[in-house]
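# Residue-level structure breakdown
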Amino acid sequence: MKKVALYLVMFSFMACSSDQAIKDPIEHFSHTKKIPISVYNNIELESYGIYRPWECVKTNGKYYVLEEKKGNVFSSINPITGSFYQGVNIGNGPGEVLLPERFMLEGEEVTFYDTTKKRYKLVENKDSTLSVEVFKDIDIESISYPTFHGEKILSKGWFVDAWLHYYIGKDEIDTIDFPSFPETDGLNGLEKMSVFKNGQQKFSPDGNKAVATISSGCALAIFDCTDDGLDEVAMLNYFPPEFVAIEYEYHPLTISRNCKIGFVDVCCTNQFIYALYSGKIFGDDIFTSHYGGYVFVYDWKGNPVNYYKLEKDLFSIEIDEQNGILYGIGNDPEGCILEYKL
């Protein structure tokens, strides 16, 4: 009888606990170790003539940087040897790209997706210039900031039927519903697309798992990836986006200035997920609100492991697992690459 009573008490406690939503990652990680970390290295990009860095990726000791401008948008920098390559313009002409999106590493190749529905790789030439070559023809409509692993593609986009679309090659294998919040569940598909299209998604290095986030509001989802589809492992809905109506037929809602910003970027190893968190209010400072000062570490079951408090905020994050370095675009005081030793 005592065992039955104890079971009922425990069941009641667990039921009550599950109904109490965790409000934000800081609360979720409150029982884990907080690790303050200082900047290990600051690579000042202004000295290379790079003033508006957008993202970066590291391979073979070199940093590849995408800059927000019209000409020479790509650079490669080796901070040790001092080598510097630059090149590629924005446009529709030969050797130009239209709207490059997120760097990806395929082995040692540095690739990116362009809205011309092609993936390109960066090529270093003997005259210290960079050029592009077509890496793969994607030819899938309406995807935005896709992530790749071999033939696997995971993307948000201009879709009203689902939050995520999963492809193998050009074949759509699976879709995932939009995150669920009481504040957004009553929206129609077009409205949900308007407020949930932001954020990032990444495959694990082995391609067997994937993580997806939103940055306006805060949610993080984890999936096992198979040839048959995506199996949800965890869906952590922390807080919803705040939004207002606008007069655009195909984009009826936009993010409110009162919206709290969640995960601005994410990267991962085969063991852990690293999520860069802002927690700032969008309208307080539109520029710095998308810089994060916390990195939350999850395992691939969605369990909190620990979290880092960064000395200086980052706009993006990647991980050099071999050397134990977390790095990304910072702003100290101008555009730079900041490295943190984990």
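Structural notes, computed from the coordinates. Because the structure is a prediction, the values reported are computed rather than measured.

All right, on to the pattern of salt bridges then. Think of it this way: side chains of opposite charge can pair up when their charged atoms draw near. Scanning all chains against the criterion turns up 19 salt bridges. For D265, the salt bridge is made with R102, and the minimal N-O distance between the two is 2.7 Å. With D265 in strand 21 (residues 263-268) and R102 in strand 7 (residues 100-106), the pair connects residues that are 163 residues apart, well separated along the chain. By the burial criterion, D265 is buried, and R102 matches it. Between R102 and E318 there is a salt bridge, with its nearest N and O atoms 3.3 Å apart. Of this pair, R102 sits in strand 7 while E318 sits in strand 25 (residues 318-320), and the two are 216 residues apart along the sequence. Neither residue differs from the other here; R102 and E318 are each classed as buried. One network of salt bridges, in which partners are shared, links E55, R102, K202, D265 and E318.

Sheet architecture is open: 4 strands sit in the order 3-4-5-6, paired in antiparallel fashion. Each edge of the open sheet carries a strand with a single partner, namely strand 3 (53-59) and strand 6 (84-87). Neighbour to neighbour, the strand axes of the sheet diverge by 15° on average, direction disregarded.

Taken across its 7 residues, strand 26 (residues 325-331) has 6 buried, putting it largely inside the fold. As paired strands, strand 25 and strand 26 are joined by 3 bridges and run antiparallel to one another. Along strand 26, the bridge assignment pairs E318 with Y327. In this structure, the hairpin formed by strand 25 and strand 26 is closed by a connection of 4 residues, where G324 is found at a positive phi of approximately 65°. Pairing of strand 26 with strand 27 (residues 335-341), which is carried by 7 bridges, proceeds in the antiparallel orientation.

Glancing now at a negative patch on the surface. A surface patch of negative charge is lined by D224, D227, D228 and D231. Take D227: its relative accessible area is 61%, and that puts it in the exposed class.

Attention shifts here to the sheet that holds strand 27. Ordered in space as 2-27-26-25, the 4 strands form an open sheet in which the pairing is antiparallel. If you trace the sheet from one side to the other, it starts and ends with strand 2 (41-44) and strand 25, each paired once. Shown here is a sheet whose adjacent strand axes are inclined to one another by a mean of 30°, direction ignored.

So, how was this worked out
Residues numbered from 1 in each chain as written. Predicted model: local features only at pLDDT ≥ 70, side-chain atom pairs only at ≥ 80, totals over all residues. Heavy atoms only, no water. Salt bridge = Lys/Arg side-chain N within 4 Å of Asp/Glu carboxyl O. Helix = DSSP H or I, 4+ residues; strand = E, 2+ residues; numbered from the N terminus. Buried < 20%, exposed > 50% of the residue type's maximum accessible area, 1.4 Å probe, protein only. Pairing = 2+ DSSP bridges. Axes fitted to C-alpha atoms, helices over the stretch in contact; angles between N-to-C directions. Patch = residues over 30% accessible without salt bridge, like charges linked within 9 Å, V, L, I, M, F, W, Y side chains within 5 Å. Areas by Shrake-Rupley, 256 points an atom, 1.4 Å probe, with all protein chains shown as cover. Lys, Arg positive; Asp, Glu negative; His and termini not counted. Charge placed at Lys NZ, Arg CZ, Asp CG, Glu CD.

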